[in-house]
Every structure is written in structure tokens, then in C-alpha cells.
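Listed below, chain by chain, are the residues.
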Amino acid sequence: TDKASLPRLNDTGFRVNSEFEEDGLLLYIFSVIGTTNKRSVEIGVSDGTECNTANFIIFHGWKGMLIDGNEKLLARGRSFYQNHPDTKSNVPVMVTSWITRDNIDKVISDNGFNGEIDLLSIDLDGVDYYILENIRCVKPRVIICEVAGVIPPEYAVTVPYADDFYCWNKSYPEQVFRSMSLAAANKLLKGKGYRLIGMHNLGFNAIFILNGLGEDIFPEITVADAYNKSINDEGRKLWKDIQGFPWVEV
């Protein structure tokens, strides 16, 4: 591939079924690095029709697992996929489960996903760090995860772990006391053999690729560089108000 002729990652975003511009970013990445088995796992999907893997499942024939804790929403999603002309013969595995760090690996493996997969997406608005830390049964080639974009790049922190962590806890503002910092995600995933390659423009969905894949096109970038390229300036002003919350250093 002629690197000079390719667009910048941040110029490739668009939305079909993703909440923001993740569809375009991820399609571009896989157009460069290719796919293996077109299998994906996504955790925290609501009804599964607007999420980071839905476009791959609906329009590209991927076999996906969609996990959420709300059965009512997933029932709606099952009906959508069972009746959609492009997925009625390829309905994703839709699992209702309240995810904890102790059950996540079993939930995934018990539902038929093990070994190499192409994509893992996680967006729980909560104890995402600990869930990501304890996924061992699958080896994703690409990981996209939500981080708390309000936290400056020098802080590797996460919320404290609790099985019943709920981001709408009225003790703290939901918009800010949740998830993990980009530095925390980067530190964790570096240890698992991944490198940070970019974020979406709003600054809270980070993308990592397994080392050895597409390194000439998607080189590692620093946490500070990723942070500075995004446009979440208003949200970042909140850090001074919330830095005293019980964040946990990792």
C-alpha cells in the first residue's frame, strides 16, 4: 500500500449504525489490515442497532456477539435482526448479562466466541477498565473503547471497581465520573500487546491495534497527541471540578 496516497485516519469517519463516526474509522482500518474470521464482540450495546459493530453485522456479513444488561432493549434488537433482510439468516448472538470482571470471560466463551476475533468494542460507562483487563478468551485484532475524555493525558486513572457500579449514581455527575482515562486504557492495552493509533474527533472513543498489524499505515501515537487532536475542549473544563472524586490510579 502506498502510504502517501492514503487519507489520515481522522478524515475517514462517518456514521451509518455507529453513534458517532466510528463506522467510517473502523471500515477504513479493516480495508487496510484486512479481516480474518469477521467475528466481533461488543459490550454495552443498548438494543444493538446503533453501536460500533452493527454496520459490520448488517452490511458486511460479520458474526457478532452483542452484550447488554437490559433484556427489554435486547429483545427489541433481536426482533430487528431477525426481520432485517440482510441478517435474518445471520442473527448476532445477543446476550443479556450484567457484566462483572469475574463473569465476562465466561459470558463470552460460553456463547461460542474464543480465540482470534477481528474486533472488540466496549462501552459500559462504568468499570470498563476492569472488564477489559479480564477478557482473556478472545484475542481481538482491533479494540475500540470509550474513555473519559475529560481527564488530562497525564492521569492513568479509573473509577473504583464495584460489581454494581452504576454511572447514574446521584452522588456524582454521570457525565464525568465513569470509565477510565485514555492513559489508563493505553497502559492496560500496551501490556496486552496493542498500540494506540487514534481517537474519534470528539475525543472519547479510542482505537487500538494489535502490534504487528498495519504498523506502517497506523503507527503508534502518544496519549497526549491523541488527546490534543480531538475537539472535546468544553468537556475538559470539567476536570478541575471532578479531579477530587475517588479515582483509582493504575
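What counts and what doesn't
- Residues numbered from 1 in each chain as written.
- Predicted model: local features only at pLDDT ≥ 70, side-chain atom pairs only at ≥ 80, totals over all residues.
- Heavy atoms only, no water.
- Helix = DSSP H or I, 4+ residues; strand = E, 2+ residues; numbered from the N terminus.
- Rg over C-alpha atoms; globule rule 2.2 N^0.38 Å.
- Buried < 20%, exposed > 50% of the residue type's maximum accessible area, 1.4 Å probe, protein only.
- Contact = heavy atoms within 4.5 Å.
- Lys, Arg positive; Asp, Glu negative; His and termini not counted.
- Salt bridge = Lys/Arg side-chain N within 4 Å of Asp/Glu carboxyl O.
- Pairing = 2+ DSSP bridges.
- Axes fitted to C-alpha atoms, helices over the stretch in contact; angles between N-to-C directions.
- Core = buried A, V, L, I, M, F, W, Y, C linked by side-chain atoms within 4.5 Å.

**Topic: the overall build of the protein chain**
Assigned secondary structure in the protein chain consists of nine helices and nine strands. Since a compact globule built from 250 residues should have a radius of gyration of about 18 Å, the 17 Å found for the protein chain is in line with a globular shape. For the protein chain, the residues scored as buried account for 54% of the 250 residues in total. If you take every contact in the protein chain between residues at least 6 apart in sequence, the share linking residues at least 24 apart comes to 71%.

**With respect to the side chain of Glu 22**
Mapping Glu 22 onto the fold places it in helix 1 (residues 22–33). No salt bridge is formed by the buried Glu 22, whose closest oppositely charged neighbour, Arg 15, lies at an N-O distance of 7.7 Å. When residues no more than four places from it in sequence are discounted, the contact partners of Glu 22 are Phe 14, Asn 52, Ile 144, His 200 and Asn 205.

**Notes on the sheet that holds strand 5 (residues 138–146)**
What links the strands of a sheet is backbone hydrogen bonding, and the strands pair in either a parallel or an antiparallel sense. Ordered by their spatial adjacency, seven strands build an open sheet running 3-2-1-4-5-8-7, and the pairing between neighbours is mixed. One side of each edge strand has no neighbouring strand; the edge strands of this open sheet are strand 3 (93–96) and strand 7 (194–199). Shown here is a sheet whose adjacent strand axes are inclined to one another by a mean of 20°, direction ignored. With five bridges joining them, strand 5 and strand 8 (residues 205–210) adopt antiparallel strand pairing. Bridged to Glu 146 within strand 8 is Asn 205. Strands strand 4 (115–122), strand 5, strand 7 and strand 8 of the sheet are contacted by helix 1, whose axis makes an angle of about 150° with strand 5.

**Digging into the pattern of salt bridges**
This structure, assessed with the given rule, holds eight salt bridges. Of the charged contacts, one joins Arg 76 and Asp 47 as a salt bridge, the two residues approaching to 3.1 Å between their closest N and O atoms. Highlighted residues: Arg 76 in helix 3 (residues 71–83) and Asp 47 in the loop between strand 1 (39–43) and helix 2 (54–60), separated in sequence by 29 residues. With relative accessibility at 10%, the residue Asp 47 sits in the buried group.

**Here we look at the nonpolar core**
A general feature of soluble globular proteins is that nonpolar side chains tend to end up buried together. Of all hydrophobic cores here, the largest spans 53 residues; its most connected members are Val 41, Ile 43, Ile 67, Ile 108, Leu 132, Leu 182 and Phe 208. The element best represented in this core is helix 6 (residues 182–191), accounting for six residues. Setting aside anything within four residues of it in sequence, one finds Val 41 in contact with Met 65, Ile 67, Ile 108, Phe 113, Ile 117, Leu 119, Leu 120 and Ser 121. Counting 17 residues, the second largest nonpolar core, distinct from the first, contains Leu 9, Leu 25, Leu 26 and Phe 218.

**Observations regarding helix 6**
For helix 6, the buried fraction is high: seven of the 10 residues fall into the buried class. Residues Leu 182, Ala 183, Ala 184, Ala 185, Asn 186, Leu 188 and Leu 189 constitute the buried set of helix 6. Taken together, the buried residues of helix 6 touch helix 5 (128–133), strand 5, strand 6 (157–158), strand 7, strand 8 and helix 7 (223–229). Positive phi shows up at Gly 193, right after helix 6, with a value of about 95°.

**A word on unusual backbone geometry**
Residue Lys 38 is not a glycine yet carries a positive backbone phi of 50°. Among the secondary structure elements, Lys 38 is positioned in the loop between helix 1 and strand 1.

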